[in-house]
Each structure stands twice: as structure tokens, then as C-alpha cells.
Amino acid sequence: MTKVVAIYGSPRRKGNTALLLKEAVQGAREMGAEVEEVVLRDLKMSPCLEIYGCKNSGRCAIQDDFQKVYESLLVSHAVILASPIFFYAVSAHTKILMDRCQSLWVRKHWIEATSSGQGPSRRKGLFISAGATRGKKLFDGTLLSVRYYFEAIDCELWKSLLYRELDLEGDVLKHPEYLEEARRAGSDLIRAIDSN
Ligand SMILES: Cc1cc2nc3c(=O)[nH]c(=O)nc-3n(C[C@H](O)[C@H](O)[C@H](O)COP(=O)(O)O)c2cc1C
């Protein structure tokens, strides 16, 4: 069965990216995927301490809630990451997770020097984001960072859904077409994996 890790990166439980991600999760489940939902604000996760306790094993030495997320990522076929734009970057919750995944980068580049993705191909990643303004460059920095993060966890950025002019909690509900697009992306992601 196709395993998906869905990561809620906003501090808001019912914020715009959370509602979009819920739709994507629903879409993936409709296609028969097993989806594990990870709500970062509920986890106790230290930032990376850059001690390279992972350098021999590829496992982070800090014993906290990241350990469980690490295991889930390792056996996943796809990752759906949702984060709001905070100062042209991902949220702090999301960034902490990204940095802790340096242990997976170490595993990939220093230890195995090979793909850790499941099956014949790499993981596929869907990134969902929202910001309040409508600037042309609103997502530029974040996309660079997410693409490189996905690379580190052996995941191809398969698609990104980026929404401007969403600010207050629930603003996305005024755009059923965005929610529909997220649901479809969740289903299409599983289709893309299953057809590989
Ligand atoms: C700390 C903080 C920083 C933000 N920085 C930006 C920004 O740089 N650009 C922008 O367009 N919106 C910015 N916003 C607005 C959020 O991106 C916007 O409200 C988004 O819809 C929140 O998504 P969420 O409901 O999923 O948390 C910021 C909000 C906060 C709280």
C-alpha cells in the first residue's frame, strides 16, 4: 500500500494550509493510500544542534518526537508538506523539521551514498503553501528551500500548490476551487506513484 506522510507546518490547527492539506489527505485516502498525519505544533522537537551525532548511523542523536517522524519518512512513498509563508520562508515549526532531516541527508550522502526511497523510484513530494500578499516573488525563497529539503529526503518535488492573498484563518474557505485543487492533487499524487 502507498504510504504518505502529511505534515502540517502551520501553528494554526484550522488555518489555510491545514484546510488545504486536509483536502489533499482526503484525496490521497480516496485513492487507497495509507496517510499518516503529523501535526508539527503538537510535537516536542528541538532544532538541529549541528553536533553531527548522525554522522555514523544516519540517525539523529537528539531523542525527541523527531525520531518517530524519521521512521515514518523512511518508509514513505510520498510526502505532503504544508506551510504558511512567514517572512518569505516556511514557518519555524516546518524549518525545525527540515533541519532535523539533515540526518537523512547524512544517511543519503555520507552513509549509503544511494537512494533510500521506497520501490523503484524516489519519493514524490507535494508542497502546499499560502501567503497574505500577492507579490510575484512570494514563494521564490521557500520553493528553493523546499526543493532542496525534499532532495535531502530523497523526494522529488512533484507539484506545489501556492496560494496568494490568504491571510485570516479560514480565508481559503472563500475559494472552494483551491480546496478542490488540493483534493485532486492528493489523488493525482497517488495515481502518479501507482503508475510507476
Ligand atoms: C510571523 C508571520 C509572518 C508572515 N510573513 C508573511 C510574509 O512574509 N508574506 C506574506 O504574504 N504573508 C505573511 N504572513 C501571513 C501568512 O502567510 C498568512 O496569514 C497565511 O494564510 C497563514 O497560513 P496558515 O493559516 O496556514 O497559518 C505572515 C504571518 C505571520 C504570523
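Not measured: the values here are computed from a predicted model.

**Q** Go over helix H1 (residues 16–30) with me, naming the residues and quoting the values.
**A** For H1, built from 15 residues, the straight-helix expectation of 21 Å at 1.5 Å per residue is met to within 8% by its first-to-last C-alpha distance of 22 Å. In the core, the buried residues of H1 are packed alongside strand S1 (3–8), strand S2 (34–39), strand S3 (78–84), strand S4 (123–130), strand S5 (155–163) and helix H6 (176–194). Taken from the residues just after H1, glycine 32 is the one with a positive phi, measuring 90°.

**Q** Quick rundown of the packing of helix H4 (residues 102–112) against helix H5 (residues 140–152)? Include the residues and the values.
**A** It is the contact of H4 with H5, at a shortest axis distance of 8 Å, that shows an interaxial angle of 55°. As far as their axial angle goes, H5 and H4 are oblique. Where H4 abuts H5, its residues Leu104, Trp105 and Lys108 lie against Tyr148, Glu151 and Ala152. In terms of residue class, the contact of H4 with H5 is made up of 4 nonpolar, no polar and 2 charged.

**Q** Help me get a handle on the sheet that holds S2, residues and values and all.
**A** Hydrogen bonds between backbone atoms are what pair the strands of a sheet, whose relative direction is either parallel or antiparallel. Spatially, S2-S1-S3-S4-S5 is the arrangement adopted by the 5 strands of the open sheet, whose pairing is parallel. The open sheet terminates on both sides in strands that have one partner only, identified here as S2 and S5. Taking the axes of each pair of neighbouring strands and ignoring which way they run, one obtains an average angle of 15° across the sheet. Summarising the sheet, S4 and S5 pair through 8 bridges and their orientation is parallel. The residue of S5 that forms the bridge with lysine 124 is glutamate 156. With respect to the sheet, H5 is in contact with S3, S4 and S5, its orientation differing from that of S5 by roughly 155°.

**Q** Account for the site of the ligand, with residues named and values stated.
**A** Residues in close proximity to the ligand total 17 residues, the closest being Ser10, Thr17, Ile85, Thr133 and Leu166. For the ligand, an oxygen atom lies 3.0 Å from a polar atom in the backbone of alanine 132. Burial of the ligand by the protein amounts to 79% of the accessible area it has alone, namely 650 Å². Classifying every residue of the shell around the ligand gives 9 nonpolar, 6 polar and 2 charged.

**Q** Report on the pairing of S3, specifying residues and quantitative values.
**A** Burial within S3 is extensive, with 7 of its 7 residues counted as buried. Both faces of S3 are covered, namely the face carrying Ala78, Ile80, Ala82 and Pro84 and the face carrying Val79, Leu81 and Ser83. Note that S1 and S3 share 5 bridges and pair parallel. For alanine 6, the partnering residue across the bridge sits in S3 and is isoleucine 80. Pairing analysis gives 7 bridges linking S3 to S4, with the strands arranged parallel. Bridge pairing in S4 places leucine 81 opposite phenylalanine 127.

**Q** Account for the pattern of salt bridges, with residues named and values stated.
**A** Inspection of every chain in the model, using the stated rule, returns 18 salt bridges. Between glutamate 180 and arginine 184 there is a salt bridge, with its nearest N and O atoms 3.8 Å apart. Taken together, the residues glutamate 180 and arginine 184, both in helix H6 and 4 residues apart, mark about one turn of the helix. Among the ionic contacts, a cluster of salt bridges with common partners joins Lys108, Arg122, Glu151 and Asp154.

Parameters and conventions
- Residues numbered from 1 in each chain as written.
- Predicted model: local features only at pLDDT ≥ 70, side-chain atom pairs only at ≥ 80, totals over all residues.
- Heavy atoms only, no water.
- Helix = DSSP H or I, 4+ residues; strand = E, 2+ residues; numbered from the N terminus.
- Expected span 1.5 Å × (residues − 1).
- Contact = heavy atoms within 4.5 Å.
- Axes fitted to C-alpha atoms, helices over the stretch in contact; angles between N-to-C directions.
- Parallel < 35°, antiparallel > 145°, perpendicular 65-115°, else oblique.
- Nonpolar A, V, L, I, M, F, W, Y, C, P; charged D, E, K, R; others polar.
- Pairing = 2+ DSSP bridges.
- Near = heavy atom within 4 Å.
- Polar contact = N/O pair within 3.5 Å; in protein donor to acceptor, adjacent residues only side chain to side chain.
- Areas by Shrake-Rupley, 256 points an atom, 1.4 Å probe, with all protein chains shown as cover.
- Buried < 20%, exposed > 50% of the residue type's maximum accessible area, 1.4 Å probe, protein only.
- Salt bridge = Lys/Arg side-chain N within 4 Å of Asp/Glu carboxyl O.

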